Amino acid sequence: MKLSLAEYEKQRASFGLNATQQKIYDGLQAVSLNGRAFAQKLNENLEHVLAAIDALQCSPEDVLTIEQKRLRQRKIIEAIKEDSRVFYRPSALGRSPRLYATNESVLSLQSSVRKAFCRGWVEADLVSSQFIILAGILNAPIALGHIATMQETGWHLWTYLHEASGGQGRPTGRDKAILKELVYGICFGMSVKTITKRLAQAGKSQLRKDPLIRELLRKRAQWFQEIKRAGYILDVWGNRHEMAEDRWEGSLAATFIQAIEMEIISAVFDYQERAGGTYDFKVMAFQHDGFTVSVSDKARYEYMKKGMNRAVKAKAREIGKQLGIKLEAVTLEFTQL
């Protein structure tokens, strides 16, 4: 979508952000509304970006042909060349607390292309955060047991689900995409019928019989019934979200989880503000449960990672205590691009 700065500025007046959204929004503006760093990155990594586009493949679930996919990415690159800024905005209907890029930008690119674009920066993600949050909300013993193992031994959700589906060795990129869709679907209200259909299409029907998945779906159904009986849910900020003809209990549950996740990751922006440039890093882009950060002082990289993780873990404990759920396992994972 082509959007001028003047049009965007006009839209900003109606955003109505809450304190957490405003904190994240403000922490991104110096970079996102300047755009110079993105233009420089594209020039620096253009060869890698074009190679990543040429390497894109189609999966059985894709609607577009491979040439359509590649053409789409090239058009986004041309749009970024023309204007590399990122215009963030909240959900138009207020049904998600997340911030979205409203124009064609680095955030519009497919993951592999975006990573090639951001080569030299660092990508950070909350590890299995939706799964951990949902397990805490549902007080699901099997899931919580696995999460405790995660903290003690490095148990990994995607590896577990890959093996439970009959896979061997490390899960491929396509395997991870399917497994992530499954977990996100459970967390964000996908129906059991649709989940079952998607798993069958992907050749992973075995997962419907896995004790962990069965527990989450069973306890999720109970939670949904509680929301339906109440007719509304209060998010972590005390905002009331009511059911409607076009908004069912699964939608309210998704909003609840996303608000917790956003509150946790907001701790990164508190840390950035406290650091005040001391550690020579800056959050460049925001991807809901993750972000991309530029680190100019490589000697302080490990210090920055530990500081961000301490901030996130402290915030997760605070929110967990507030809600009476276990969130201690939430952590950040960093990848050098």
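Above this note sits the structure.
So, here's what we can say about the structure. In this text, all values refer to a predicted model and were calculated from it rather than measured experimentally. (Residues numbered from 1 in each chain as written. Predicted model: local features only at pLDDT ≥ 70, side-chain atom pairs only at ≥ 80, totals over all residues. Heavy atoms only, no water.)

1. Remarks on the sheet that holds strand 3 (residues 122-126)
Phase 1: Here four strands make up an open sheet; going across it, the order is 6-7-3-8 and the pairing antiparallel. Both outer strands of the open sheet, strand 6 (281-286) and strand 8 (332-336), are each paired with one neighbouring strand and no more. Pairs of neighbouring strands in the sheet enclose a mean axial angle of 30 degrees, with direction left out of account.
Phase 2: Pairing of strand 3 with strand 7 (residues 290-295) involves four bridges; the strand directions are antiparallel. If you follow E123 over to strand 7, its bridge partner there is T292. (Pairing = 2+ DSSP bridges. Helix = DSSP H or I, 4+ residues; strand = E, 2+ residues; numbered from the N terminus. Axes fitted to C-alpha atoms, helices over the stretch in contact; angles between N-to-C directions.)

2. Some words on the nonpolar core
Phase 1: In this structure, F117, F131, L161, W223, F291, M308 and L327 are the most contacted members of the largest nonpolar core, which totals 102 residues.
Phase 2: Considering every element that reaches this core, the biggest residue donor is helix 12 (residues 249-275), with 14 residues.
Phase 3: Discounting residues that sit within four places of it in the chain, L327 has contacts with I132, I133, I260, I264, A316, I319 and G320. (Core = buried A, V, L, I, M, F, W, Y, C linked by side-chain atoms within 4.5 Å. Buried < 20%, exposed > 50% of the residue type's maximum accessible area, 1.4 Å probe, protein only. Contact = heavy atoms within 4.5 Å.)

3. So, empty space enclosed by the protein
Which parts of space are left empty comes out when a probe the size of a water molecule is rolled across the atoms.
Phase 1: Applying the stated criterion to the full structure yields three cavities of 30 Å³ or more.
Phase 2: Considered as a void within the structure, the largest cavity measures approximately 50 Å³ in volume.
Phase 3: Considering the residues around the largest cavity, the lining is formed by I178, E181, L182, M190, I195, R198, L199 and A202.
Phase 4: In terms of residue class, the lining of the largest cavity is built from six nonpolar, no polar and two charged. (1 Å grid on protein atoms, 1.4 Å probe; cavity = no way out; pocket = protein on both sides within 12 Å on 5 of 7 lines; lining within 4 Å. Points joined across faces, edges and corners; volume = space filled by probe spheres on them. Nonpolar A, V, L, I, M, F, W, Y, C, P; charged D, E, K, R; others polar.)

4. Some points on the packing of helix 9 (residues 173-187) against helix 11 (residues 211-230)
Phase 1: As a packed pair, helix 9 and helix 11 sit with axes 10 Å apart at the nearest point and diverge in direction by 20 degrees. The orientation of helix 9 with respect to helix 11, classified from their angle, is roughly parallel. Between helix 9 and helix 11 lies a crossing of left-handed hand. Across from L182, G185 and I186 in helix 9, the residues of helix 11 making contact are I213, L216, L217 and R220.
Phase 2: Class assignment of the residues belonging to the contact of helix 9 with helix 11 gives a composition of five nonpolar, one polar and one charged. (Parallel < 35°, antiparallel > 145°, perpendicular 65-115°, else oblique. Left-handed = near helix turned anticlockwise from the far one by under 90°.)

5. Re helix 3 (residues 36-54)
Phase 1: For helix 3, built from 19 residues, the straight-helix expectation of 27 Å at 1.5 Å per residue is met to within 8% by its first-to-last C-alpha distance of 26 Å.
Phase 2: Largest kink in helix 3: about 75 degrees, centred on N45.
Phase 3: Among the residues of helix 3, F38, K41, L42, N45, V49, A52 and I53 are the ones counted as buried.
Phase 4: For helix 3, the secondary structure elements touched by its buried residues are helix 2 (19-32), helix 4 (66-82), helix 5 (111-117) and strand 6. (Expected span 1.5 Å × (residues − 1). Bend = angle between axes of the 7 residues up to and from the residue.)

6. Overview of the side chain of D289
Phase 1: Mapped onto the fold, D289 is located in the loop between strand 6 and strand 7.
Phase 2: With no salt bridge to any partner, buried D289 finds its closest opposite charge in R98, at an N-O distance of 5.5 Å.
Phase 3: With sequence-adjacent residues up to four places away left out, D289 is seen in contact with D125, L126, S129, Q130, Y184, E261 and I265. (Lys, Arg positive; Asp, Glu negative; His and termini not counted. Salt bridge = Lys/Arg side-chain N within 4 Å of Asp/Glu carboxyl O.)

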